[in-house]
Amino acid sequence: MRETKDMRRDFANRDELIAYVKAEFPKAVAVDDHVSKVKGGRAAAKRLMERIDPQTYAQTRNKLHGAVTKLSPYIRYGVVSLVEVREKALDKVRRRRNDAEKLINELAWRDYWQRVYARIGERIWSDQEDYKTGFTAHHYADFLPEDIAEGKTGLNCIDGFAKELRETGYLHNHARMWTAAYVVHWRRVKWQAGARWFLSHLLDGDPASNNLSWQWVASTFSQKPYIFNRENVERNTNGIYCKGCALYGHCDFEGSYERIERELFPNMPASIARPVDNPSRPFSSRPYKGGKKPKGRR
Amino acid sequence: MADKVVIWVHGDCLAPNNPALTAYEGSPALFVWDDALLESWQISLKRIVFMYECLLELPVIIRRGDVAAEVLAFAKEHGAVKVATVTSPSPRFKVIAAEIEKAIEVELWEVEPLVDYDGELDTKRFSRYWAVAKEFAFGRG
């Protein structure tokens with residue numbers, strides 16, 4: 001007779017559950033033993049759904065403290081469906097489609113990544129196209145440098161994002177993009193190494209959205225690499241990282257996009273360096289990919 | 001009397017109202033921690049705690065190990081002739097479902113899609129997809 005062992009369901013409280021999971025999954029503890037304050041389950045998701053504000057979302061979602069929904073971990077595990085979130089958003093704006101358009105467009109990105117995943121399967125871990133950076137894949141390192149994962153680069157923003165990722169399992173979309181661009185373009189590390197790092201920690205970690213967004217930043221699934229500058233970080237974070245950063249004024253991200261692009265990609269073909277008129281986007285926020293520099297709020 | 005069914009709940013469908021759980025309300029349901037996957041993806045503790053909390057809201061038995069083997073053993077324990085579950089784009093899901101299907105019928109349920117469109121969607125770039133999908137993404141209401 002084959003033996004099976006049902007795992008426990010009778011926990012008096014969250015601490016008891018955490019102690020049990022720690023004992024049962026020592027390998028996961030060894031990867032990282034933080035527990036997020038974000039609680040799983042549909043009840044928690046429904047509370048967040050009630051707080052959806054599509055109009056404020058459209059205006060502020062690129063800001064680190066903007067009105068983002070925080071629903072991604074629940075959507076990732078199918079705790080709530082994209083249709084349920086859409087319907088709640090449309091209800092909130094009394095079915096005026098235009099007022100929920102930005103949010104529904106972001107839901108569509110999730111749908112899109114899932115459809116690509118269904119098409120390419122395990123190739124989600126392979127470069128979908130060549131890098132457009134003037135470098136080939138073998139110019140990029142295979143592993144994530146320790147100082148990045150440990151939050152010891154000296155860059156307040158990047159170190160802050162690494163810490164938040166490890167401790168909470170969540171990063172705002174813009175922080176994901178900046179971190180990914182730093183890893184791939186400033187440190188010249190393969191996007192796969194960064195994607196594996198995120199997948200370990202992100203509560204919403206899913207190979208579809210995660211890997212394809214990393215590929216989008218890297219330029220292996222887009223027309224040109226995504227980069228940013230210090231002004232962009234400062235503006236969208238209310239300066240919380242730049243204030244007090246020892247590298248302020250002389251960090252890796254200073255200067256114009258054009259200058260940064262020239263320094264990072266000296267061999268980039270001129271045909272790629274040309275402005276892109278209508279950039280689409282990765283993790284889920286509007287990126288700068290050359291062309292007109294975004295000026296302040298849209 | 002209807003054929004006996006067990007429900008396989010996996011990590012892409014942790015909703016109490018997922019279509020398989022709704023269709024066979026009251027039938028035995030199982031979730032299996034995929035130990036090999038957790039290790040291969042180097043999943044950290046916080047992700048497991050989050051998922052466990054999701055599971056505690058579902059009427060499922062929780063086990064761990066080789067997913068296909070555990071689902072088949074569970075089906076056998078309950079004398080089931082069919083395993084109902086929810087589709088997923090994950091290639092690992094497809095491999096596991098195919099493994100189960102070698103021994104017993106697998107019935108796939110779909111969650112209502114954001115873009116309810118039967119035609120071909122070009123997914124080479126988001127812009128191409130959106131050019132068609134936009135018309136359907138807002139629903140009918």
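Preceding block: the structure.
Conventions adopted
- Residues numbered from 1 in each chain as written.
- Chains lettered and ligands numbered in written order.
- Predicted model: local features only at pLDDT ≥ 70, side-chain atom pairs only at ≥ 80, totals over all residues.
- Axes fitted to C-alpha atoms, helices over the stretch in contact; angles between N-to-C directions.
- Helix = DSSP H or I, 4+ residues; strand = E, 2+ residues; numbered from the N terminus.
- Parallel < 35°, antiparallel > 145°, perpendicular 65-115°, else oblique.
- Left-handed = near helix turned anticlockwise from the far one by under 90°.
- Contact = placed C-beta atoms within 7 Å.
- Nonpolar A, V, L, I, M, F, W, Y, C, P; charged D, E, K, R; others polar.
- Core = buried A, V, L, I, M, F, W, Y, C linked by C-beta atoms within 7 Å.
- Buried ≥ 20, exposed ≤ 12 C-beta atoms within 10 Å, placed from the backbone.

(A) Region of the structure containing the packing of helix 4 (residues 67-77) of chain B against helix 5 (residues 91-101) of chain B. Residues and elements named next belong to chain B. Two numbers describe how helix 4 lies on helix 5: the axes approach to 9 Å, and their chain directions differ by 40°. The pairing of helix 4 with helix 5 is recorded here as oblique in orientation. Handedness of the crossing formed by helix 4 with helix 5: right-handed. Residues Val67, Ala68, Val71 and Leu72 of helix 4 touch helix 5, and the partners they reach there are Ile96, Glu99 and Ile100.

(B) Expanded view of the interface of chain B and chain A. Each partner contributes to the interface: chain B provides 49 residues, whereas chain A provides 61 residues. Looking at the side of chain B that touches chain A, the elements that each hand over two or more residues are helix 2 (35-40), helix 3 (45-55), strand 3 (61-65) and helix 6 (126-137) of chain B. A total of ten residues in the side of chain B that touches chain A trace back to one element, the largest contributor, which is helix 3 of chain B. The residue makeup of the side of chain B that touches chain A, split by class, is 31 nonpolar, eight polar and ten charged.

(C) Quick look at the nonpolar core. Judged by nonpolar contacts, the single largest core of 123 residues is most densely connected at A:Ala181, B:Val9, B:Leu14, B:Leu30 and B:Val71. Among the elements that take part in this core, helix 7 (residues 97-120) of chain A stands out by supplying ten residues, more than any other. Dropping the residues within four chain positions of it, B:Val71 is found in contact with B:Trp8, B:Leu30, B:Val32, B:Val83 and B:Ile100.

Note that all results are geometric; they support no functional claim without further evidence.
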